[in-house]
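# Working through the structure, step by step
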Amino acid sequence: MKNQTRRFSLQKACALEVSLFTGALLVFAGEPTLPAQQTGMTHTQAVARAKQIVAKMTLDEKITELHGIHDATGYRMVPGVPRLGIPALHMTNGPAGVGPGGASPQPPATAMPAPIALAATWDPDLAHEYGKIEGEESRSLGSELFESPDINIARVPQGGRVFESFGEDPYLDGRIAVAAIEGVQNTGIMANVKHYLANNQESDRKSIEEEISERALREIYMPAFEASIKEGHSASLMCAYPRVNGAFNCENAPLLKGVLKQEWGFDGFVLSDWGATHSTVPSALNGLDLEMPTGVYFGDALRKAVDAGQVPVADLDEMLVRRFAKMMEFGDFGSQPKPEPIPAFEHGAIARRIASQGIVLLKNDNSLLPLDAKSIKTITVIGPYAVRPNTGGGGSSHVIPLYTITPYDGLMAKLGLQIHVTVLDGSDIQAAADAAKRSQMAIVMVGDQDSEGRDQSLELPAAQNQLVEAVAKANPKTIVVVKTGSAILMPWIDDVPAVLEAWYPGEEDGNAVASVLVGDVNPSGKLPLTFPRSVDQTLAANPEQYPGVDGAVHYSEGLDVGYRGYAAHSVTPLFPFGYGLSYTQFSFSDLKILQQSGGASATASFTVTNTGQRAGAEVAQLYLGFPSIAEGNEPPVQLKGFRKVMLNPGESKTVELKLDARAFSYWSVKAHAWQVAPGEFQVLVGDSSADTPLKSTVTMQ
Ligand code: BGC
């Protein structure tokens, strides 16, 4: 009782705070009511009920329910049919927080750390919390569906939406995605996993033809979608802009009807990315259920196609039943709970925790970090992202924060007034270098603003590389904090002793980064994508692979995506996938493999020990190396399990990771099925894809 009262008054206080910040702001949210699944309606019951309603609809009503509309309040919506009790469906964008729902002006919400930062935590529990905040805030802003998560594979670090993604590995991607979807959906909001399939670059995204082998589709680009459907039970899915193997995604029968709906048993509905529908008849026949944002193809044109006998009414009925049944399961056909204000600081505190857990310590010579506040008197903090927080990337995921914490405020809150902190934006490089020289230490905060709609260079924008170099030359105790949406090149890496990758930390930037700099948080983030040493190390070395030639991009690397490719070609990147340091040290020992008799599965157990002086978390990672396969070999290392373990100094814990048959399988193009690869597997355990001190083998029949 006491707790409830406290929460209530806290929410009230936050709501007040929010309206002070933003004027006459109408933000509603807060504690969700019962998760919609607790409406108790099973899918079968919902389908039966939806069928009854659809049977009463006129053809015109059906057509209006198959596409979105533009209206005064925002264009992410499908109107209802009050006569039949069909409610409107409102959608809000993700995945980096809530808000860009088309309403004008856009209402503020919690600007979460970028999804790539969430992936860098390697912590599904945090992904669940992340999704939960987003679900609650979706309801606050009046939506029933949240367009998230974006689980496209970061095939090229140049991708403009890498910051929205969970990185380059399908297994990590799937684990984070399932937890994030559950987090959203447990609040009673429908998730919308996107963009199916292979929306892996922004260059020519709306027209590009992607040629991808069946095996690469199955092993690299599909697994996180498969997990999102089969384990995460995502209520809906967004089909993507590009074409895959000859057909646009939103009319791609093998992908939508074949794999998604028939094979994986997806029982939700497919909506098109905004403007990703390209036809009426093929889209209607091949698996699209809802055209967004308006009815260019599923409005009058669909009506005509039905009249002409090109699209059976039964197909329209199925599309409608899919959507209505899901909405019923989520409680959307019942009376709606009153939206409550977003508890800004409660959610902000969770956003801060996730942001700090996602920060990756890339370099720390002579243990320069954490800062020793007692021995420092002067620090100069320099750079474009020293004077403002990096709250997120651009495009449809851009959130207007409820409040922000600047780098300066974050640092001052941690360091206290006895330390003299000078802040410069770095636009005058000479002045920055001079100031750095006069200080005991310099912290350079560099970064970028990646955005949907365009890919990016791997170089830091403007003169930020020169800035880092000049400051590092002026003061050998220079720490670089990088706030980028993806991997970047670091031509100055050998000239600076310490580097943190903080991604886009979101509205709590200042606090999250400062907590790691001073050691309140011991960094435990690990890279969810490889950082290349040069552009030549990426697929951009061959324009046919990226960004494409004559309107087509050839995924000729096959399975060799990300670290798989680096390992296959023995190329050493700047920082490998899975890498990240800590302020303490860990060791791994005692790898044992227990093979279950009769089945193609095994359990690996091993010990992780904190051998250093501070408490900290290590992400233990298990990779498999496959035996040779007649149809073509697998890449040399592939992530198949991981666990984040918190350890006090001197403490050891035993970690058990279960490997199921899928872990030992490859996609056979001959059989069009998963097959366990017979032979001896290497089992590799360690703290990155390139550092696996524990090695063993296991043999599958
Ligand atoms: C993006 C989607 C987004 C949609 C609606 C598109 O540009 O690709 O991810 O959900 O816009 O804003």
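Computed from a predicted model, the values in this text were never measured in an experiment. (Residues numbered from 1 in each chain as written. Predicted model: local features only at pLDDT ≥ 70, side-chain atom pairs only at ≥ 80, totals over all residues. Heavy atoms only, no water.)

## Considering the overall build of the protein chain
Quick note on the threshold: Each helix is a run of H or I in the DSSP string that is no shorter than four residues. Each strand is a run of E no shorter than two, and both are numbered from the N terminus. The globule rule is 2.2 Å times the number of residues to the power 0.38, and the radius of gyration it is compared with is taken over C-alpha atoms. The contact criterion used throughout is that any non-hydrogen atoms of two residues lie within 4.5 Å. Per-residue and other accessible areas were derived by the Shrake-Rupley procedure at a 1.4 Å probe size, with only the shown protein chains allowed to occlude residues. The charge count includes Lys and Arg as positive and Asp and Glu as negative, but it does not include His or the ends of the chains. The atom standing in for a charge is NZ when the residue is Lys, CZ when it is Arg, CG when it is Asp and CD when it is Glu.
A count of helices and strands for the protein chain gives 19 helices and 25 strands. For 701 residues, the compact-globule estimate of 2.2 N^0.38 gives 27 Å, and the protein chain sits close to it at 25 Å. In terms of its C-alpha atoms, the protein chain occupies a principal-axis envelope of roughly 80 × 65 × 55 Å. Counting only contacts in the protein chain whose residues sit at least 6 apart along the sequence, the fraction spanning at least 24 positions is 76%. Here the protein chain has roughly 25,200 Å² of accessible surface; of this, 53% comes from carbon and sulfur atoms. If the 56 positive side-chain charges of the protein chain are averaged to one point and the 78 negative ones to another, these points end up 5 Å apart.

## Describing the sheet that holds strand β24 (residues 679-686)
As a general point, the strands of a sheet are linked pairwise by backbone hydrogen bonds and lie either parallel or antiparallel. The cut-off we apply is this: Strands are treated as partners if at least two bridges between them are detected by DSSP. Between N-to-C directions, angles cover 0 to 180 degrees, with each direction set by a line fitted to C-alpha atoms, over the stretch in contact for helices.
Taking strand neighbours across the sheet as the criterion, the 4 strands line up as β20-β19-β24-β25 in an open arrangement whose pairing is antiparallel. Edge positions in the sheet fall to β20 (638-647) and β25 (694-700), since each has one partner strand and no second. When strand polarity is set aside, the average angle formed by the axes of neighbouring strands in this sheet is 20°. Of the strand pairs in this sheet, β24 and β25 are connected by 7 bridges, and their pairing is antiparallel. Across the sheet, L684 pairs through a bridge with K695, a residue of β25.

## A word on the pairing of strand β2 (residues 89-93)
Filter applied, for reference: Type-normalised accessible area, obtained with a 1.4 Å probe on protein chains alone, sets the label of each residue: buried when under 20%, exposed when over 50%, and partly exposed for intermediate values.
For β2, the buried fraction is high: 4 of the 5 residues fall into the buried class. Taken together, the 2 bridges between strand β1 (residues 77-78) and β2 define a ladder with antiparallel strand orientation. The residue of β2 that forms the bridge with V78 is L89. Bridging between β2 and strand β3 (residues 145-147) involves 3 bridges; their strand directions are parallel. Directly across from N93, in β3, lies its bridge partner E147.

## Some thoughts on the site of the ligand
Definition in use: The near set for a molecule or strand comprises every residue that places at least one heavy atom within 4 Å of it. The residue classification treats Ala, Val, Leu, Ile, Met, Phe, Trp, Tyr, Cys and Pro as nonpolar and Asp, Glu, Lys and Arg as charged. All others, Gly included, are polar.
Near the ligand you find 13 residues, and of these R76, N93, E147, R161 and E452 are the closest. Look at the ligand: alone it shows 310 Å² of surface, and the protein chains cover 94% of it. Considering only residue class, the shell around the ligand consists of 3 nonpolar, 3 polar and 7 charged.

## Notes on the packing of helix α5 (residues 124-140) against helix α6 (residues 170-185)
Going by this rule: Crossing handedness: left-handed means the near helix sits turned counterclockwise from the far one by under a right angle, and right-handed means the same turn made clockwise.
Look at α5 against α6: their axes get within 6 Å of each other, and the N-to-C directions meet at 35°. Crossing angle aside, the handedness with which α5 passes α6 is right-handed. Mapping the contact onto sequence places P124, A127, H128, G131, K132 and G135 in α5 and R175, I176, A179, A180, E182, G183 and V184 in α6. In terms of residue class, the contact of α5 with α6 is built from 6 nonpolar, 4 polar and 3 charged.

## Things to note about the domain arrangement of the protein chain
Inclusion rule: As used throughout, domain bounds are those supplied by an automatic or database domain assignment. Buried area is calculated as the accessible area (1.4 Å probe) missing from two parts once they are joined, with the contributions of both summed. Here, a salt bridge means any Lys or Arg side-chain nitrogen found within 4 Å of an Asp or Glu carboxyl oxygen.
Its domain assignment divides the protein chain into domain 1 (4-26 + 344-529), domain 2 (59-333) and domain 3 (584-700). Measuring from the centre of the C-alpha atoms in domain 1 to the corresponding centre in domain 3 gives 34 Å. Contact residues are listed per partner, giving 6 residues for domain 1 and 10 residues for domain 3. Both sides together, the interface formed by domain 1 and domain 3 hides about 570 Å², and carbon and sulfur atoms give 38% of it. Sorting the residues of domain 1 by area buried against domain 3 places N522, S524 and K526 first, and these three jointly supply 77% of that buried surface. On inspection of domain 1 and its partner domain 3, the count reaches 1 salt bridge. A salt bridge links K526 to E618, with the nearest nitrogen and oxygen atoms 2.8 Å apart.

## A short note on the packing of aromatic side chains
The following threshold applies: Put simply, two rings from Phe, Tyr or Trp (the six-membered ring, in Trp's case) pair if the centres are within 6.5 Å, and we call them stacked under 30 degrees between planes, edge-to-face over 60, tilted for the rest.
Taken as a whole, this structure holds 17 aromatic pairs when the rule is applied. With a centroid separation of 4.4 Å and an interplanar angle of 15°, the aromatic rings of Y563 and F577 are classed as stacked. Of the two residues, Y563 is situated in helix α19 (residues 563-568) and F577 in the loop between α19 and β17 (586-595); the sequence distance between them amounts to 14 residues. Neither Y563 nor F577 differs from the other in exposure class; each is buried. Each ring, one from F664 and one from F681, has its centre 5.0 Å from the other, and the planes form 85°; the classification is edge-to-face. Here F681 lies in strand β24 and F664 lies in the loop between β21 (652-659) and β22 (665-668), a separation of 17 residues in the sequence.

## Quick notes on the sheet that holds strand β4 (residues 190-196)
Ordered in space as β1-β2-β3-β4-β6-β9, the 6 strands form an open sheet in which the pairing is mixed. Every interior strand has two partners, whereas the edge strands, β1 and β9 (269-272), have only one. Strands β3 and β4 of the sheet are contacted by α6, whose axis makes an angle of about 145° with β4. Seen against the sheet, helix α9 (residues 253-263) touches β4, β6 (236-239) and β9 and runs at an angle of roughly 135° to β4.

## What about the side chain of D273?
Looking at the secondary structure, you find D273 in the loop between β9 and α10 (281-286). For the buried residue D273, which engages in no salt bridge, the nearest side chain bearing the opposite charge is R161, 4.5 Å off. Aside from chain neighbours lying at most four places away, what touches D273 is R161, H195, N199, M238, C239, Y241, C250 and M292.

## Considerations on unusual backbone geometry
With an omega of 0°, the peptide bond between G94 and P95 qualifies as cis. With respect to the helices and strands, the residue P95 is situated in the loop between β2 and α4 (115-121). Along the chain, Y546 connects to P547 via a cis peptide bond; the corresponding omega equals 5°. Along the chain, P547 falls in the loop between α18 (509-517) and β16 (552-554).

## Some remarks on the environment of R139
Within the fold, R139 resides in helix α5. The sequence separation of R139 and P339 amounts to 200 residues, and the corresponding C-alpha distance is 6.4 Å.

## A word on the environment of A154
When you line up the elements, A154 lands in the loop between β3 and α6. Remark: the alpha-carbon pair of A154 and G393, spanning 239 residues in sequence, is separated by 16 Å. In contact with A154, other than residues within four places in its own chain, are V162, S165, G167, E168 and L529.

## As for the packing of helix α15 (residues 407-415) against α18
Let me state the cut-off plainly: Convention used here: angles under 35 degrees read as roughly parallel, angles over 145 as roughly antiparallel, angles from 65 to 115 as roughly perpendicular, and any remaining angle as oblique.
At their nearest, the axes of α15 and α18 sit 7 Å apart, and the two run at 45° to each other. The angle between the axes of α15 and α18 places the two elements in the oblique class. The handedness of the crossing between α15 and α18 is right-handed. Contact with α15, carried on its side by P407, G410, L411 and K414, involves D509, G510, N511, A514, S515 and L517 of α18 and no other residues of that element. For the contact of α15 with α18, a count of residues per class yields 4 nonpolar, 4 polar and 2 charged.

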